[in-house]
Amino acid sequence: MKVLVATDKPFAKVAVDGIRKEIEAAGYELALLEKYGEKAKLLEAVVDADAIIIRSDIIDAEVLDAAKQLKIVVRAGAGYDNVDLEAATAHNVCVMNTPGQNSNAVAELAFGLMVMAVRNMYNGTSGSELKGKKLGIHAYGNVGRNVARIAKGFGMDIYAYDAFCPKEVIEADGVKAVASAEELYSTCDVVSLHIPATAETKNSINHALVGRMPKGGLLVNTARKEVINEAELIQLMEERADLKYMTDIMPAAHETFMAKFAGRYFSTPKKMGAQTAEANINAGIAAAKQIVGFLKDGCEKFRVNKK
Ligand code: 3PG
């Protein structure tokens with residue numbers, strides 16, 4: 001059996017070594033395709049793969065067609081919007097993610113972006129502090145919970161909205177649960193986004209919602225660029241010179257944001273929330289273990305597509 005690690009954005013070497021150990025201990029072979037750039041190289045590499053470990057790499061119908069032996073794809077991470085789940089089901093391929101394994105890394109980066117914004121992009125002028133500010137956590141999943149834990153250390157006043165997480169679960173963490181996204185944005189000085197990119201959430205972070213934020217509002221995105229209505233956010237930031245946007249996922253309109261909003265907009269060059277040795281080890285090794293469990297025992301825990 002051949003397990004392919006196909007990561008355009010490679011894991012830390014220590015994580016690849018750990019993945020190799022798991023795969024080889026199970027008697028399987030490990031193949032590595034890193035920084036492949038073009039899809040053609042991925043199509044070539046998947047031909048004889050029984051299992052694939054990916055990150056944000058796109059697994060669409062064309063890749064699945066090329067992967068004749070494929071039985072399982074594990075997205076080493078949380079969001080699986082990069083995998084065509086219906087096509088995978090049609091090809092009889094199981095798709096899993098590794099929930100929670102990289103969430104602390106993403107949560108820590110959200111604070112890196114927050115501090116950078118309130119200290120005026122480290123330009124030396126007098127900024128402000130996070131302590132005492134109202135933080136709104138938009139979606140209370142694994143990353144949202146870590147954000148809440150860290151925010152307590154900063155002394156922030158913490159609010160959260162999650163359409164699917166019961167109020168009691170949020171409040172058990174000492175976080176104030178609000179009844180709607182509208183209430184969250186109207187209440188909070190800083191909003192940290194942790195919603196997945198789905199048909200319902202795409203473009204949902206729009207003028208009407210972000211426009212509710214109080215003066216000096218800061219929006220931090222370590223989730224997905226697709227959830228932002230970029231045209232409306234640009235319009236809003238033109239209307240309101242007090243708003244700031246910090247993101248780990250470069251907008252399609254990055255150049256426009258840069259040109260118009262110098263000093264109150266920043267994007268990392270490449271999505272790096274989960275780019276730590278610890279997150280790579282946790283998510284990568286979890287992915288390897290899930291593949292071994294699936295191939296040896298048929299374990300389908302963490303399956304995300306229909307059969
Ligand atoms: C995730 O969904 O797990 C994060 O967005 C991290 O994605 P990455 O593995 O592409 O860095």
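Residues numbered from 1 in each chain as written. Predicted model: local features only at pLDDT ≥ 70, side-chain atom pairs only at ≥ 80, totals over all residues. Heavy atoms only, no water.

The protein chain is annotated in an unreviewed UniProt entry as 3-phosphoglycerate dehydrogenase from Caecibacteroides pullorum. UniProt's Sequence similarities (unreviewed entry) comment on the protein chain is quoted here verbatim: "Belongs to the D-isomer specific 2-hydroxyacid dehydrogenase family." (UniProt positions renumbered as here; feature names shortened; annotations may be inferred.)

A.B. asks: Residues and numbers for the overall build of the protein chain, please.
C.D. replies: For the protein chain, the count of helices and strands is 12 helices and 12 strands. Dimensions of the protein chain along its principal axes, counting C-alpha atoms only, are 60 × 45 × 35 Å. Residues classed as buried in the protein chain amount to 52% of the 307 residues present. The long-range share in the protein chain, meaning contacts at least 24 apart out of those at least 6 apart in sequence, stands at 63%. (Helix = DSSP H or I, 4+ residues; strand = E, 2+ residues; numbered from the N terminus. Buried < 20%, exposed > 50% of the residue type's maximum accessible area, 1.4 Å probe, protein only. Contact = heavy atoms within 4.5 Å.)

A.B. asks: Residues and numbers for the environment of Lys215, please.
C.D. replies: Structurally, Lys215 is set in the loop between helix H9 (207–210) and strand E10 (218–221). Placed 85 residues apart in sequence, Lys215 and Glu300 show a C-alpha to C-alpha distance of 48 Å. With near-sequence residues (within four places) excluded, Lys215 lies in contact with Arg240 and Asp242.

A.B. asks: So what's going on with the nonpolar core? Which residues, and what values?
C.D. replies: The biggest cluster of nonpolar side chains holds 32 residues, and the ones touching the most others in it are Phe111, Met114 and Leu135. Secondary structure elements with two or more residues in this core: helix H5 (103–118), strand E6 (134–138), helix H6 (142–154), strand E7 (157–161) and E10. Among the elements that line this core, the one with the most residues is H5, at 10 residues. Setting aside anything within four residues of it in sequence, one finds Met114 in contact with Leu130, Leu135, Val190, Ser192, Leu218 and Val220. (Core = buried A, V, L, I, M, F, W, Y, C linked by side-chain atoms within 4.5 Å.)

A.B. asks: Could you give an account of the UniProt feature "domain: D-isomer specific 2-hydroxyacid dehydrogenase catalytic" (unreviewed entry) in the protein chain, with specific residues and numbers?
C.D. replies: UniProt annotation of "domain: D-isomer specific 2-hydroxyacid dehydrogenase catalytic" (unreviewed entry) refers to residues 23–305 when read in the numbering used here. The span residues 23–305 shows a helical share of 37% and a strand share of 16%, and its end C-alpha atoms are spaced 23 Å apart.

A.B. asks: Now, about the UniProt feature "domain: D-isomer specific 2-hydroxyacid dehydrogenase NAD-binding" (unreviewed entry) in the protein chain: what can you tell me, with residues and values included?
C.D. replies: UniProt feature "domain: D-isomer specific 2-hydroxyacid dehydrogenase NAD-binding" (unreviewed entry): in the numbering of this structure it lies at residues 123–250. Helix makes up 31% of residues 123–250 and strand 19%, and the two end C-alpha atoms of the span are 21 Å apart.

A.B. asks: Hey, could you go over the pairing of E7 for me, with residue numbers and the actual values?
C.D. replies: Counted residue by residue, E7 has 4 buried out of 5 residues, so it is predominantly covered. Of the strand pairs in this sheet, E6 and E7 are connected by 5 bridges, and their pairing is parallel. Bridge pairing links His138 to Tyr161 in E7. Crossover handedness for the path E6 to H6 to E7: right-handed. Direction of pairing for E7 relative to strand E8 (residues 176–177): parallel, over a ladder of 2 bridges. Following the sheet pairing, Ala160 is matched in E8 by Ala177. (Pairing = 2+ DSSP bridges. Right-handed = clockwise from strand over helix to strand, strands pointing away.)

A.B. asks: I'd like to hear about the site of the ligand, residue by residue, with values.
C.D. replies: Neighbouring the ligand are Lys9, Arg55, Ser56, Arg75, Gly77, Ala78, Gly79, Asn102, Arg224, Lys271 and Ala274. A distance of 2.8 Å separates an oxygen atom of the ligand from a polar atom in the side chain of Asn102. The contact in question runs from an oxygen atom of the ligand to an N or O atom on the side chain of Arg224, over 2.8 Å. Contact with the protein chains removes 95% of the 320 Å² of surface that the ligand exposes when unbound. Taken together, the residues of the shell around the ligand sort by class into 2 nonpolar, 4 polar and 5 charged. (Near = heavy atom within 4 Å. Polar contact = N/O pair within 3.5 Å; in protein donor to acceptor, adjacent residues only side chain to side chain. Areas by Shrake-Rupley, 256 points an atom, 1.4 Å probe, with all protein chains shown as cover. Nonpolar A, V, L, I, M, F, W, Y, C, P; charged D, E, K, R; others polar.)

A.B. asks: Hey, could you go over the sheet that holds strand E11 (residues 244–247) for me, with residue numbers and the actual values?
C.D. replies: Strand order in the open sheet formed by 7 strands is E8-E7-E6-E9-E10-E11-E12, and the pairing between neighbours is parallel. Sheet topology places E8 and strand E12 (265–267) at the edges, where each strand pairs with a single neighbour.

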